[in-house]
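# Topology and contacts: notes
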Amino acid sequence: MAFVIIIVVIAAIAYFVMSRDAKEVRERGAGRTKAQKDALRYFLNDGCLKKRMSDDAYDKMVQEIAANITSREKALEKVGLDESETQEIEPIHLENYLFPEKGQYFARKGKRDGIWRSSMYQITWLFFSETQVHVYQYTFHTDEDGKKESTEEYFYKDITNFSTSSDLVEVPTTFNAKTGKYNLENVNTTRFKLIVPGDSFYCAMEQNDYTEKAVKAMKNKLREKKTA
């Protein structure tokens, strides 16, 4: 009897969570694009008969969105430079899912690969002219229209260092029916950091061979400019 009661309670909680998620998908999805609704369903469980988008499918969708947003040529146009003005080193392209410490977004850990994904994605281009580092950054949400576009310029003489930063961030994941709040889980993230006196510029990045070589190239160029 006790076993039956436990099963019923678990089923009731699961039904409540799915019902709540289904309501949130309906409310948040109103007026959204198909891709945005699919993103919501990737993070929220809106019914046992609804097929959730796979991790690979979500990655593919995000990459398609990113490809349509910006490119090397578009980023150059935004910072107001010509290709010939950025020949110090090869332009650096960094991007990855973003996990800010504050703000409203969703996060989910891949079922098979264990990789964390979020409903925020950030793309950054860095261009290197003779005297300055020019930065173009675009951050967007996959589940809504929210976006942020910015450009920055830093003189080599003002830059203290280029580095990577590993951070442990608490992110909202599944909804907890008992507390009425989203569960928080710790996620290890890696960000690129450009340091100037009194401030730092951060951007999301994936740690791999390309980014390791890119950071090394930036450090070498900064060292060269500092000793020139």
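Within each chain, residue numbers correspond to sequence positions counted from 1 in written order. A pLDDT threshold of at least 70 governs which residues receive local features in this predicted model, and a stricter bar of 80 or more applies before side-chain atom pairs are shown or counted, although totals over entire chains, interfaces and linings include all residues. Excluded from the side-chain calculations are hydrogens and water; all other atoms, namely the structure's heavy atoms, are used.

A word on the packing of helix H2 (residues 34-43) against helix H3 (residues 55-69). Closest axis-to-axis distance for the H2/H3 pair is 11 Å, and the angle between their directions is 145°. Considering the relative orientation of H2 and H3, their crossing is left-handed. Only Asp55, Tyr58 and Met61 of H3 make contact with H2, whose side of the interface consists of Ala35, Asp38, Ala39, Tyr42 and Phe43. The class makeup of the residues in the contact of H2 with H3 is six nonpolar, no polar and two charged. The axes are straight lines fitted to the C-alpha atoms, using for helices just the contacting stretch, and the angles between their N-to-C directions are given from 0 to 180°. Each helix corresponds to a stretch of at least 4 residues labelled H or I by DSSP, and each strand to a stretch of at least 2 residues labelled E; elements are numbered beginning at the N terminus. Crossings are sorted by hand: turned counterclockwise from the far helix by less than a right angle, the near helix makes the crossing left-handed, and turned clockwise it makes it right-handed. Working rule for contacts: check all heavy atoms of both residues, and any pair within 4.5 Å makes them a contact. We call Asp, Glu, Lys and Arg charged. Ala, Val, Leu, Ile, Met, Phe, Trp, Tyr, Cys and Pro are nonpolar, and the rest, Gly among them, are polar.

Remark: a regular strand shows side chains that alternate across the two faces of the sheet. A strand pair is defined by DSSP finding two or more bridges across the two strands. Taken together, the nine bridges between strand E5 (residues 132-141) and strand E6 (residues 147-155) define a ladder with antiparallel strand orientation. Following the sheet pairing, His134 is matched in E6 by Glu153.

This part covers the nonpolar core. Definition of nonpolar core: a set of buried residues of the types Ala, Val, Leu, Ile, Met, Phe, Trp, Tyr and Cys, connected through side-chain atoms within 4.5 Å. Only protein chains enter the calculation, and the probe is 1.4 Å; a residue is then buried if its accessible area is under 20% of its type maximum, exposed if over 50%, and partly exposed in between. Judged by nonpolar contacts, the single largest core of 33 residues is most densely connected at Tyr58, Phe99, Tyr105, Tyr121, Phe127, Phe140 and Val171. Mapped by element, the contributors of at least two residues to this core are H2, H3, helix H4 (72-79), strand E4 (120-128), E5 and strand E7 (161-176). Considering each element in turn, this core owes the most residues, five residues, to E4. Setting aside residues no more than four positions away along its own chain, Tyr121 makes contact with Val62, Gln63, Ala66, Glu95, Asn96, Tyr97, Leu98, Tyr138, Thr139 and Phe140.

Take the side chain of Gln137 next. Of note, Gln137 is situated in strand E5. By the criterion applied in these results, polar contacts are pairs of N or O atoms within 3.5 Å in which, for protein atoms, one can donate a hydrogen and the other can accept it, and in which residues neighboring in sequence qualify only through two side-chain atoms. Among the polar contacts listed, one links the side chain of Gln137 to the backbone oxygen of Tyr202, at a separation of 3.3 Å. Here Gln137 is in contact with Gln122, Ile123, Thr124, Lys148, Glu149, Ser150, Phe201, Tyr202 and Cys203, once residues within four sequence places are set aside.

So, on to the sheet that holds E4. The strand order across the open sheet built from four strands is E1-E4-E5-E6, with neighbouring strands paired in antiparallel fashion. With partners counted over all chains shown, the strands left at the sheet margins are strand E1 (92-97) and E6, one partner each. Going from strand to strand, the sheet's axes swing by 15° on average, the running direction of each strand aside. As paired elements, E4 and E5 share nine bridges and run antiparallel to each other.

Within the secondary structure layout, Thr124 lies in strand E4. Classification of Thr124 as buried rests on a relative accessible area of 0%. Side-chain polar atoms of Thr124 contact the side chain of Gln137, separated by 3.1 Å. Filtering out sequence-adjacent residues up to four positions away, Thr124 remains in contact with Ile92, His93, Leu94, Val135, Tyr136, Gln137, Phe201 and Cys203.

So, on to helix H5 (residues 209-227). The first and last C-alpha atoms of H5 sit 27 Å apart over 19 residues, in line with the 27 Å expected at 1.5 Å per residue. Taken residue by residue, H5 has Thr211, Ala214, Val215, Met218, Lys221 and Leu222 as its buried positions. Buried residues of H5 fall within an arc of 125° about the axis and therefore sit on the same side. What points out from H5, more than 90 degrees from its buried face, is the exposed set Asp209, Lys213, Lys216, Arg223 and Thr227. Helix span is expected to be 1.5 Å times the residue number reduced by one. Within this analysis, the arc is defined by the directions that extend from the helix axis to the C-beta atoms.

Mapping Lys37 onto the fold places it in helix H2. A relative accessible area of 31% means that Lys37 is categorised as partly exposed. It is 8.6 Å that separates the C-alpha atoms of Lys37 and Glu144, two residues lying 107 residues apart in sequence.

Bringing the pattern of salt bridges into the picture now. A carboxyl oxygen of Asp or Glu within 4 Å of a side-chain nitrogen of Lys or Arg is what we treat as a salt bridge. Across all of its chains, the model carries 13 salt bridges by this definition. Across the pair Lys34 and Asp38 runs a salt bridge, and its minimum N-O distance is 2.8 Å. Separated by four residues within a single helix, Lys34 and Asp38 lie in helix H2, roughly one turn from each other. Here Lys34 falls in the exposed class, since its relative accessible area comes to 63%. Arg191 is the salt-bridge partner of Asp167, the closest N and O atoms lying 3.0 Å from each other. In this pair, Asp167 is assigned in strand E7 and Arg191 in strand E8 (residues 181-196), connecting sequence segments 24 residues apart. Judged by its relative accessible area of 16%, Asp167 falls in the buried class. What emerges from the salt-bridge pattern is a single network uniting Asp55, Asp59, Arg108, Asp113 and Arg117.

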